[in-house]
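Each chain is listed here by its residues.
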Amino acid sequence: MRKILGFAVAAVAVFLIAMQFLQQQRLHLRPTDPSATMDARLHPSPEVQTMLHESCYNCHSEQGERPWYSKVWPASVLLQTDVREARARLDFSEWDRLSPEMSKIRLMDSCRMMTEGKMPVWYYRPMHPTTSTPDPTTVADFCQWVKMMPTGGETAQLQ
């Protein structure tokens, strides 16, 4: 019985080590045009900007930081999938691609998701306890800033 258990442990160890080398290509951060970011286009307040960078940018931009476990399978695969899906929905690094109307829609949706506690996602919070849950006051400031943004042609003048 001990021999079988030892063999099973060795097989699992070999499998895990092999997966480190066979995993999908990692999601690398690309250089971005600083003038294309949401910060450069819409000029949020420093408090809002800090909150977004701490709580949102790791998944929703090219400016995020990758934690140590982003290099370890299977966490790396899960992280790659999450970041790819997050950027498909909202990418603060490529804000210049959005129309003024879509810009406001995306920010209003972000406000709603943060207010309802849906963002950041629940499984992000335990690994990032100091930065993951935005301060409710800052979220309220963010929502107020978004609501005060001009719409339509008025927004185009801001850029």
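For the structure, see preceding data.
Since the structure is predicted, the reported quantities are computational estimates derived from the model, not experimental observations.

Undergrad: How would you sum up the state of the cysteines? Please name residues and give values.
TA: For the structure shown, the criterion picks out 1 disulfide. Two residues share a disulfide in this structure: C111 and C143, whose sulfurs sit 2.0 Å from each other. As the torsion about the S-S bond is roughly 115°, the C111-C143 disulfide counts as right-handed. Placement of C111 in helix α6 (residues 100-115) and of C143 in helix α7 (residues 136-148) is noted, with a sequence separation of 32 residues between them. Look at C143 and you get buried, because its relative accessible area is 6%. C56 takes part in no disulfide bond, and the closest cysteine sulfur to it belongs to C59, at a distance of 9.0 Å.

Undergrad: Can you break down a nonpolar patch on the surface residue by residue, with the values?
TA: Together, W68, V72 and M127 give the surface a local cluster of nonpolar side chains, amounting to about 350 Å² of exposed area. Topologically, W68 is positioned in the loop between α4 (57-60) and α5 (75-89).

Undergrad: Let's hear about the packing of helix α3 (residues 46-55) against α7: which residues, and what values?
TA: Geometry of a packed helix pair, given as the angle between the helix axes and the separation of the axes. With their axes 9 Å apart at the nearest point, α3 and α7 run at an angle of 115° to one another. Taken together, the axes of α3 and α7 lie roughly perpendicular to each other. When the axes of α3 and α7 are compared, the crossing they make is left-handed. Residue-level contacts link E47, V48, M51 and L52 of α3 to T138, D141, F142 and W145 of α7. Residue composition of the contact of α3 with α7, grouped by class: 5 nonpolar, 1 polar and 2 charged.

Criteria and thresholds
Residues numbered from 1 in each chain as written. Predicted model: local features only at pLDDT ≥ 70, side-chain atom pairs only at ≥ 80, totals over all residues. Heavy atoms only, no water. Disulfide = S-S within 2.5 Å. Helix = DSSP H or I, 4+ residues; strand = E, 2+ residues; numbered from the N terminus. Buried < 20%, exposed > 50% of the residue type's maximum accessible area, 1.4 Å probe, protein only. Patch = residues over 30% accessible without salt bridge, like charges linked within 9 Å, V, L, I, M, F, W, Y side chains within 5 Å. Areas by Shrake-Rupley, 256 points an atom, 1.4 Å probe, with all protein chains shown as cover. Salt bridge = Lys/Arg side-chain N within 4 Å of Asp/Glu carboxyl O. Axes fitted to C-alpha atoms, helices over the stretch in contact; angles between N-to-C directions. Parallel < 35°, antiparallel > 145°, perpendicular 65-115°, else oblique. Left-handed = near helix turned anticlockwise from the far one by under 90°. Contact = heavy atoms within 4.5 Å. Nonpolar A, V, L, I, M, F, W, Y, C, P; charged D, E, K, R; others polar.

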